[in-house]
Amino acid sequence: MTLIATIAATGKDVESFTTPPDIWAQWRKHPIGTFVIGRHRTPAVLKRSPRGLQFFAAAPGEGGVTAPESIEHQIAKIQLVQGMRTAGHEARVEYPGTTPSGEEWQADVFVQAPHGRVAIEVQMSQQHWDDYRRRTARYKACGVFVVWLIRGVHHKAVGNSRIRYLMSQGLQLAEAMNHDMDDMPCIPLDKPVGDEEGPRVIVYPKDGSKPFLRLSLESFGAGVAAGALEYGE
């Protein structure tokens with residue numbers, strides 16, 4: 001599934017989540033091939049999840065264009081980009097790019113912030129440390145700073161991998177445990193508590209006024225776009 005498609009006849013990109021429901025219902029009546037998705041312009045069909053999320057999917061028999069993503073993942077991307085846009089920043093979901101060496105990437109959320117280009121990746125599933133480094137290197141080659149939001153259950157494993165990696169680079173255990181990687185912020189994404197709606201991003205106030213904050217994805221997205229995120233030990 002994807003949130004972005006192209007109108008084949010005009011080349012115009014459209015977003016599923018900002019399309020009014022009545023327009024979406026009209027679009028669903030158009031023949032297959034009216035909308036295409038992905039770099040290979042795969043014919044798409046328009047769908048709506050039981051939770052009301054509108055999205056594009058590869059037409060039957062056409063195959064997928066990306067690895068499957070959960071509805072939860074898609075909603076997280078929408079909340080991040082909506083927070084950025086509400087705060088006045090130009091942001092996009094599923095933004096594609098290519099490194100100087102020809103490697104392709106697609107950011108979950110991309111924003112042209114005043115302080116530079118930023119990508120946010122929402123990692124809901126387990127991913128190997130080498131894949132984090134490889135994907136981060138692709139962004140870095142394009143001058144894009146990437147922030148990783150990692151589901152809490154997987155965040156500890158990433159932290160352990162970071163320590164092992166830093167020790168392989170010559171740091172002692174105590175140093176590695178208290179040394180973050182400034183090119184690859186990995187921030188935990190926690191499940192909602194109480195009456196919270198949607199997952200929360202765990203961050204730590206610089207002034208130490210509170211042990212930590214539980215930010216909504218909208219608030220976190222707006223803060224990242226504004227340059228409020230600082231990363232250190």
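Residues numbered from 1 in each chain as written. Predicted model: local features only at pLDDT ≥ 70, side-chain atom pairs only at ≥ 80, totals over all residues. Heavy atoms only, no water.

## Here's the deal with unusual backbone geometry
- Of note in the backbone geometry, Arg41 takes a positive phi value of approximately 50 degrees without being a glycine.
- Among the structural elements, Arg41 can be located in the loop between β3 (35-37) and β4 (42-48).
- Positive phi outside glycine occurs at Glu94, with the angle close to 50 degrees.
- Relative to the helices and strands, Glu94 is located in strand β6 (residues 91-98). (Helix = DSSP H or I, 4+ residues; strand = E, 2+ residues; numbered from the N terminus.)

## Thoughts on the sheet that holds strand β5 (residues 54-58)
- If you walk across this open sheet you meet the 5 strands as β2-β1-β3-β4-β5, and the pairing is antiparallel. Only two strands of the sheet have a single neighbouring strand rather than two, namely β2 (13-15) and β5. Strand-to-strand, the axes of this sheet are offset by a mean angle of 50 degrees, without reference to chain direction.
- As defined by bridge partners, β3 adjoins β4 across 2 bridges and the pair is classed as antiparallel. Looking at the pairing, Val36 lines up with Pro43 of β4. (Pairing = 2+ DSSP bridges. Axes fitted to C-alpha atoms, helices over the stretch in contact; angles between N-to-C directions.)

## A closer look at the nonpolar core
- Formed by 31 residues in total, the largest nonpolar core has its most connected members in Leu80, Ile120, Leu149, Val201 and Phe220.
- Among all residues touching Val201, those that are not within four sequence positions of it are Leu149, Ile187, Pro188, Leu189, Leu213, Arg214, Leu215, Leu217 and Phe220.
- Within the second largest apolar cluster, 19 residues are counted, among which are Trp105, Ala119, Ile163 and Ala176. (Core = buried A, V, L, I, M, F, W, Y, C linked by side-chain atoms within 4.5 Å. Buried < 20%, exposed > 50% of the residue type's maximum accessible area, 1.4 Å probe, protein only. Contact = heavy atoms within 4.5 Å.)

## What about the pairing of strand β10 (residues 186-190)?
- Most of β10 sits inside the fold, with 4 of its 5 residues counted as buried.
- As paired elements, strand β9 (residues 144-151) and β10 share 4 bridges and run parallel to each other. Among the inter-strand pairings, Leu149 is bridged to a residue of β10, identified as Ile187.
- Relative to strand β11 (residues 200-203), β10 is paired through 2 bridges, and the arrangement is antiparallel. Across the sheet, residue Asp190 finds its bridge partner in β11, namely Arg200.

## Thoughts on helix α6 (residues 217-226)
- Every buried residue of α6 is accounted for by Leu217, Phe220, Gly221, Ala222, Val224 and Ala225.
- Backbone geometry just downstream of α6 places Gly227 in the positive-phi region, at approximately 85 degrees.

## As for a nonpolar patch on the surface
- Judged by side-chain polarity, Met167, Leu173 and Met177 come together as a nonpolar surface patch covering roughly 280 Å² of accessible area.
- Tracing the sequence through the fold places Leu173 in helix α5 (residues 173-177). (Patch = residues over 30% accessible without salt bridge, like charges linked within 9 Å, V, L, I, M, F, W, Y side chains within 5 Å. Areas by Shrake-Rupley, 256 points an atom, 1.4 Å probe, with all protein chains shown as cover. Salt bridge = Lys/Arg side-chain N within 4 Å of Asp/Glu carboxyl O.)

## Focus: the pairing of β4
- Adjacent in sequence and paired antiparallel, β3 and β4 are bridged by 4 residues, among which Gly38 carries a positive phi angle near 80 degrees.
- Of the strand pairs in this sheet, β4 and β5 are connected by 5 bridges, and their pairing is antiparallel. Following the sheet pairing, Leu46 is matched in β5 by Phe56.
- Linking two consecutive strands that pair antiparallel, namely β4 and β5, is a turn of 5 residues; a positive phi of about 90 degrees is found at Gly52 within it.

## A few points about the side chain of Arg200
- With respect to the element layout, Arg200 can be found in strand β11.
- Among residues more than four places away in sequence, those in contact with Arg200 are Pro188, Leu189, Asp190, Arg214, Leu215 and Ser216.

## So, the pattern of salt bridges
- One pass over the full model with this rule turns up 13 salt bridges.
- The partner of Glu104 in a salt bridge is Arg39, and the shortest N-O contact between them spans 3.2 Å. Of this pair, Glu104 sits in strand β7 (residues 104-113) while Arg39 sits in the loop between β3 and β4; the two residues are 65 residues apart in sequence, bridging distant segments of the chain.
- Here Arg214 ties to Asp190 by a salt bridge, and the two come within 2.7 Å at their closest N and O atoms. With Arg214 in strand β12 (residues 213-216) and Asp190 in strand β10, this pair connects stretches of sequence that are 24 residues apart.

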